[in-house]
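These are the residues of each chain, in order.
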Amino acid sequence: MSSNQWNQAPAGQGAPQGQPPMGYPGAMPPEKKSKTGLYVGLGCGCLVLLALLIGVIALAVMLMGGDDPKDSGDGGTTTSAAAPAPGQNNGGGDNPAPDPAPNGGGDNPAPNPAPAPNGGSDNPAPAPDGGNSNLPQQVGEYTLGEVATDNVVGADYGATYTSSTGQIIVSGAENPITTIEDEKNMLTLDGNAQEISGWTCGPFYGGASGNESICVKSTNGTNVIKVIGDADAQTLANFGEQFISAGGAS
């Protein structure tokens, strides 16, 4: 038997049909990849996203409600609304409570504040009763006392000035019933009238004491200013000039 015949397999003893030859293992089927890790990763990612969403919502709520002192737990300084004044009833509604009445809610109106004095200067001050005339508070040594704008016959106003030496009454009318010429004519009837610095002066017979004098003048040809007092005509004329200079006839 030759060597070639020795090495050949005997006839009929080959590998069975459909099986791999002996000595060569068959090919193993591929293993299926496990998807457990993928599912675990997706679950963890969802949890992280959910946690972030909850955190964002919580932060937004804290920021929106940060001004409420009840929600502030950090012990910081918070600004609270001012407490309503006693007597106000806001009822907790949205409408603010009305402002309290100036006089405390009573039925009687609060009195008007007294006008502040002008310090005794020569600047004109409004008449105390709200008349249209501006009268100076001080004219020389005379101080303004009473002022009347109602029921003054033939005049728009009547004012009384007083001093340590007596009192002087001054009145004025922009559209007088009696013209300045008629006033002068009545003073010159008895021949005792005199002209002093543009004033026509003479005795005043309507006074209570019978010793008064009167001086009349017009600053614009239409109005009439009268100065009446116990002083002599020169004093009354000087007072009238100072009264006009202080704006009393405007």
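Keep in mind the model is a prediction, meaning the values are calculated, not measured.

Asker: Give a description of the sheet that holds strand β7 (residues 194-196) that names residues and reports values.
Answerer: With respect to topology, eight strands assemble into an open sheet ordered β3-β4-β5-β6-β10-β9-β8-β7, the strand pairing being antiparallel. A strand with exactly one partner marks an edge of an open sheet, and here the two such strands are β3 (138-139) and β7. Both strand β6 (residues 166-173) and strand β10 (residues 224-229) contribute to a ladder of six bridges, which runs antiparallel. What sits directly across from Ile168, in β10, is Gly229. Taken strand by strand, helix α3 (residues 180-187) contacts β8 (199-203), β9 (213-217) and β10, and its axis lies near 150 degrees from that of β9. In the packing of helix α4 (residues 233-245) onto the sheet, the strands contacted are β3, β4 (142-148), β5 (157-163), β6, β7, β8, β9 and β10, and the crossing angle to β9 comes to about 40 degrees.

Asker: Residue-level account of the pattern of salt bridges, with values.
Answerer: Under the definition given, this model contains two salt bridges. Two residues, Glu183 and Lys226, come together in a salt bridge whose shortest N-O distance is 3.0 Å. Of the two residues, Glu183 sits in helix α3 while Lys226 sits in strand β10, which places them 43 residues apart along the sequence. With a closest N to O distance of 2.6 Å, Glu241 and Lys217 form a salt bridge. Remark: Lys217 occurs in strand β9 and Glu241 occurs in helix α4; sequence separation between them is 24 residues. The buried category is assigned to Lys217, whose relative accessible area is 17%.

Asker: Please provide a residue-by-residue account of α4, values included.
Answerer: In this model, α4 (13 residues) spans 18 Å end to end at C-alpha, consistent with the 18 Å of a helix rising 1.5 Å per residue. For α4, every residue scored as buried is listed here: Ala233, Leu236, Ala237, Phe239, Gly240 and Phe243. Projected down its long axis, α4 carries its buried residues within an arc of 160 degrees, all on one side. The N-cap of α4, judged by a side-chain oxygen 3.1 Å from the amide nitrogen of Gln234 a few residues on, is Asp232.

Asker: I'd like to hear about unusual backbone geometry, residue by residue, with values.
Answerer: Phi at Ser197 takes a positive value of approximately 55 degrees, unusual for a residue other than glycine. Examined against the element boundaries, Ser197 turns out to sit in the loop between β7 and β8.

Asker: Which residues make up the side chain of Ser218, and what are the values?
Answerer: Note on placement: Ser218 falls in the loop between β9 and β10. A polar contact is formed between the side chain of Ser218 and the backbone nitrogen of Gly221, at a distance of 2.8 Å. At 2.7 Å, the side chain of Ser218 and the backbone oxygen of Asn223 are in polar contact. Once you skip the residues sitting within four places of it in the chain, Ser218 turns out to touch Ile180 and Asn223.

Asker: Can you break down the packing of aromatic side chains residue by residue, with the values?
Answerer: Tallied over the entire structure, the rule returns four aromatic pairs. Aromatic side chains Tyr142 and Phe239 sit 5.5 Å apart centroid to centroid with 80 degrees between the ring planes, which places their arrangement in the edge-to-face category. Here Tyr142 is found in strand β4, whereas its partner Phe239 is found in helix α4, with 97 residues between them in sequence. The two residues Tyr142 and Phe239 agree in class, both being buried. Summarising the aromatic geometry, the rings of Phe239 and Phe243 are spaced 6.3 Å apart at their centres and angled 15 degrees between planes, so their arrangement reads as stacked. Of this pair, Phe239 and Phe243 both sit in helix α4, four residues apart, roughly one helical turn. Both residues of the pair, Phe239 and Phe243, belong to the buried class. Aromatic rings pair up to connect Tyr142, Tyr161, Phe239 and Phe243 into one cluster.

What counts and what doesn't
Residues numbered from 1 in each chain as written. Predicted model: local features only at pLDDT ≥ 70, side-chain atom pairs only at ≥ 80, totals over all residues. Heavy atoms only, no water. Pairing = 2+ DSSP bridges. Helix = DSSP H or I, 4+ residues; strand = E, 2+ residues; numbered from the N terminus. Contact = heavy atoms within 4.5 Å. Axes fitted to C-alpha atoms, helices over the stretch in contact; angles between N-to-C directions. Salt bridge = Lys/Arg side-chain N within 4 Å of Asp/Glu carboxyl O. Buried < 20%, exposed > 50% of the residue type's maximum accessible area, 1.4 Å probe, protein only. Expected span 1.5 Å × (residues − 1). Arc of directions from axis to C-beta. Polar contact = N/O pair within 3.5 Å; in protein donor to acceptor, adjacent residues only side chain to side chain. Phe/Tyr/Trp six-rings, centres within 6.5 Å; stacked < 30°, edge-to-face > 60°.

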